[in-house]
Amino acid sequence: MKIDLGDVLVTPFKILSEKWAILVPILIALAIQLILDVSVRFTGKRLWGIDVGMASFFVSIILEIVTYFLLAWQTILFKEYEEEDLSESFSKVSGKFIDVVIVAIVVGFLIGLGTLAFVIPGLILAIMLVYSPCAVVVKNMGASDAIKESFDFVFKRGNLVQTIVLLIFVFVVAFIPVVGSYISTFLIMLWIPYAYAKFSGE
């Protein structure tokens, strides 16, 4: 099923206006981002005074895992928003925690490697694999199958242009002074999970 951009851009906001509990993963993501920004402002370093090196590398991996976990949780909430059960949805995502961890590490590694190879390959991989954590929980897949499913959803099922449009919009919004990065995080946590939850059915 192809992504309907009009639906993705509008409907999630309507759902949030009726089901505020669905905001929980997004609010957690924004809170983490705020903590990071405050840390940088007051220490000049990445996180709580941790300087560049092995420690910050592991912190980055942990943050990547947390982000993917929140994306997966947000996807489940959109998939089952009529029930709106935070504890049950959290339990479902927790049951796939290992797969989410593997996806986060593998995708992060591939995008990082692609970015080192003249940037463009990294961007292509980021587009291709953006729905991987969503696939883990919606289709109850293992890590490797979820990565393949994200590729298929983007390329084989005709969602490349729509995904690029969403990500470009998120990227551009990030340049708004002061609040841009927060709006960008909010939108990607809103649109990507909803797009997959709604349109990933065959």
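Above this text is the structure in question.
Residues numbered from 1 in each chain as written. Predicted model: local features only at pLDDT ≥ 70, side-chain atom pairs only at ≥ 80, totals over all residues. Heavy atoms only, no water.

This part covers a nonpolar patch on the surface. Side chains of V119, I120, L123, I124, F151 and F155 sit close together on the surface and give an oily, nonpolar patch of about 520 Å² of accessible area. Sorting the residues of the nonpolar patch by element identifies α6 (120-129) and α8 (143-156) as the ones contributing at least two each. A total of 3 residues in the nonpolar patch trace back to one element, the largest contributor, which is α6. Checked against the element boundaries, V119 lands in the loop between α5 (97-116) and α6. (Patch = residues over 30% accessible without salt bridge, like charges linked within 9 Å, V, L, I, M, F, W, Y side chains within 5 Å. Areas by Shrake-Rupley, 256 points an atom, 1.4 Å probe, with all protein chains shown as cover. Salt bridge = Lys/Arg side-chain N within 4 Å of Asp/Glu carboxyl O. Helix = DSSP H or I, 4+ residues; strand = E, 2+ residues; numbered from the N terminus.)

Contact pair α5 / α6: the axes reach a minimum separation of 6 Å and the direction vectors enclose 155°. In this view, α5 runs roughly antiparallel relative to α6, as classed from their interaxial angle. When α5 is examined against α6, the residues V107, L110, I111, G114 and T115 are found in contact with a partner set consisting of P121, G122, L125, A126 and L129. Across the contact of α5 with α6, the residue classes tally to 7 nonpolar, 3 polar and no charged. (Axes fitted to C-alpha atoms, helices over the stretch in contact; angles between N-to-C directions. Parallel < 35°, antiparallel > 145°, perpendicular 65-115°, else oblique. Contact = heavy atoms within 4.5 Å. Nonpolar A, V, L, I, M, F, W, Y, C, P; charged D, E, K, R; others polar.)

A few words now on the side chain of R157. Following the sequence through the fold, R157 ends up in the loop between α8 and α9 (160-173). With relative accessibility at 15%, the residue R157 sits in the buried group. (Buried < 20%, exposed > 50% of the residue type's maximum accessible area, 1.4 Å probe, protein only.)

Once that is clear, we can look at the packing of aromatic side chains. The final tally for this structure, using the stated rule, is 11 aromatic pairs. Ring centres of W73 and F90 lie 5.1 Å apart, and the angle between their planes is 70°; this geometry places the pair in the edge-to-face category. Pair noted here: W73 is in helix α3 (residues 54-79) and F90 is in helix α4 (residues 86-95), with a separation of 17 residues, a long-range link. On the basis of an interplanar angle of 35° and a centroid distance of 5.0 Å, the ring pair of F151 and F155 is categorised as tilted. With F151 and F155 both in helix α8 and 4 residues apart, this pair spans about one turn of that helix. Using a relative accessible area of 31% as the deciding quantity, one classes F151 as partly exposed. For F155, a relative accessible area of 34% translates into the label partly exposed. (Phe/Tyr/Trp six-rings, centres within 6.5 Å; stacked < 30°, edge-to-face > 60°.)

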